[in-house]
Amino acid sequence: GKLRLYSAFTAGILIVALAAGFLMAKQNSSPEKQLAKAQENAGEKKYEKAIEYTLRAIALDDSDPDTKNLLGEYYILAGQTENAIATFRNVLEMDRENENAYRNLIGIYEKNGEYEQINALIRASGAEKIINTFTKYIANPPQFSHEQGTYDEIISLKLTTNTAGTVYYTMDGSEPDEKSSVYRNSIVLEDGIYTVKTFFINEYGIRSE
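Note that this is a predicted model, so its numbers are computed, not measured. (Residues numbered from 1 in each chain as written. Predicted model: local features only at pLDDT ≥ 70, side-chain atom pairs only at ≥ 80, totals over all residues. Heavy atoms only, no water.)

1. Description of the confidence of the model for the protein chain
Low-pLDDT stretches of the model should not have their predicted coordinates read in fine detail. Our working definition: Confidence per residue, as judged by the predictor, is encoded in pLDDT with a range of 0 to 100. In what follows, residue pairs with any heavy atoms lying within 4.5 Å of each other are defined as contacts.
Chain-level statistics for the protein chain give a pLDDT mean of 90 and a share of 87% at 70 or above. Low pLDDT, under 50, characterises residues 19-27; the stretch is placed with one contact to residues that sit more than four places away or in other chains.

Here it is in structure tokens:
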């Protein structure tokens, strides 16, 4: 009788222990638990470990772009720039309007002076929201205050751009370059025939069409 009692008691303890172990393992395997460990390690500047735990969280749930943005940021802190770029681009495949991914990528390209990459990245988004948010990195062709046509009065032609920079122009139909006239004030068109051509270079050296 005592033997059976001890056996049942031991089995009961074993079942409780197994259940507790199962619950603990389940909690430790949750994305939230992994992210908490990642943030803890990042706070201690152990970025490799932070990356490891974030990758575990993504393995458990790869549907959250915020987690992937966090992974990309840890890659940056760990000096793994190429992995960071690949991660942020993966986020953009999930969400074409993810501002955090764009900001992080722009930060990387700007640090390296790769402004053409930024221009191409923003234009490729095809999203008005993103283009408007990061418009300072884009060089759009200058806009004319008057349409092509015949006028019976002197024209004061004004050129406007989407951001700061320099406009170059010609008035004889020739292709403008950086040795052409620089637009500062309106261009006065008196009697005659004019073909005005322009292009714009923004403050980051990106040239428009």
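2. A look at the side chain of T163
To keep it simple, the criterion reads: Each helix corresponds to a stretch of at least 4 residues labelled H or I by DSSP, and each strand to a stretch of at least 2 residues labelled E; elements are numbered beginning at the N terminus.
With respect to the helices and strands, T163 occurs in the loop between β3 (159-160) and β4 (165-170). Setting aside residues no more than four positions away along its own chain, T163 makes contact with T135, K136, I138, F200, N202 and E203.

3. Thoughts on unusual backbone geometry
Heads up, the condition is: Residue exposure (1.4 Å probe, protein chains only): buried if accessible area is under 20% of the type maximum, exposed if over 50%, otherwise partly exposed.
Backbone geometry at K45 places phi at a positive 65°, although glycine is not the residue there. The exposure class assigned to K45 is exposed, which follows from its relative accessible area of 64%.

4. Here we look at the environment of N98
Selection criterion: Pairing of N or O atoms within 3.5 Å defines a polar contact, subject to two protein rules: one partner must be a possible hydrogen donor and the other a possible acceptor, and residues neighboring in sequence count only if both atoms are side-chain atoms.
Looking at where N98 falls in the secondary structure, it is placed in the loop between α5 (81-94) and α6 (99-111). Along the chain, N98 and N69 lie 29 residues apart, while their C-alpha atoms are 9.6 Å from each other. Not counting residues up to four positions away in its chain, the partners in contact with N98 are P65, N69, V91 and L92. Looking at N98, its side chain comes within polar contact range of the side chain of N69, at 3.1 Å.

5. A look at α6
Definition in use: Each helix should span, by expectation, one fewer than its residue count multiplied by 1.5 Å.
Here α6 spans 18 Å end to end across 13 residues, near enough to the 18 Å set by a 1.5 Å rise per residue. Along α6, the residues classified as buried are A101, Y102, N104, L105, I106, I108 and Y109. Its buried side turned inward, α6 meets α4 (65-77), α5, α7 (115-125) and α8 (128-133). Looking at where α6 begins, the residue whose side-chain oxygen comes 3.3 Å from the main-chain nitrogen of N100 is N98. Once α6 ends, the next one or two residues include G113, with phi positive near 70°.

6. Here we look at the pairing of strand β7 (residues 197-202)
Note the threshold: Two strands pair if DSSP finds at least two bridges between them.
The buried fraction of β7 amounts to five of the six residues, a majority that puts the element mostly inside the structure. Pairing of β4 with β7 involves six bridges; the strand directions are antiparallel. Counterpart to Y169 in the pairing with β7 is T198.

7. Overview of the layout of surface pockets
Quick reminder of the rule: A cavity here means a set of 1 Å grid points, computed over protein atoms only, where a 1.4 Å probe fits but cannot escape. A pocket is an open set with protein on both sides within 12 Å along at least 5 of 7 lines, and lining residues have an atom within 4 Å of a point. Grid points are joined across faces, edges and corners, and a volume is the space filled by probe spheres set on the points. Under the convention adopted here, Pro, Cys and the residues Ala, Val, Leu, Ile, Met, Phe, Trp and Tyr are nonpolar, Asp, Glu, Lys and Arg are charged, and Gly plus all remaining residues are polar.
Put simply, the largest pocket is a space of about 530 Å³. G149, Y151, L189, G192 and Y194 are, among the 20 residues lining the largest pocket, the residues nearest its centre. Residue composition of the lining of the largest pocket, by class: nine nonpolar, six polar and five charged.

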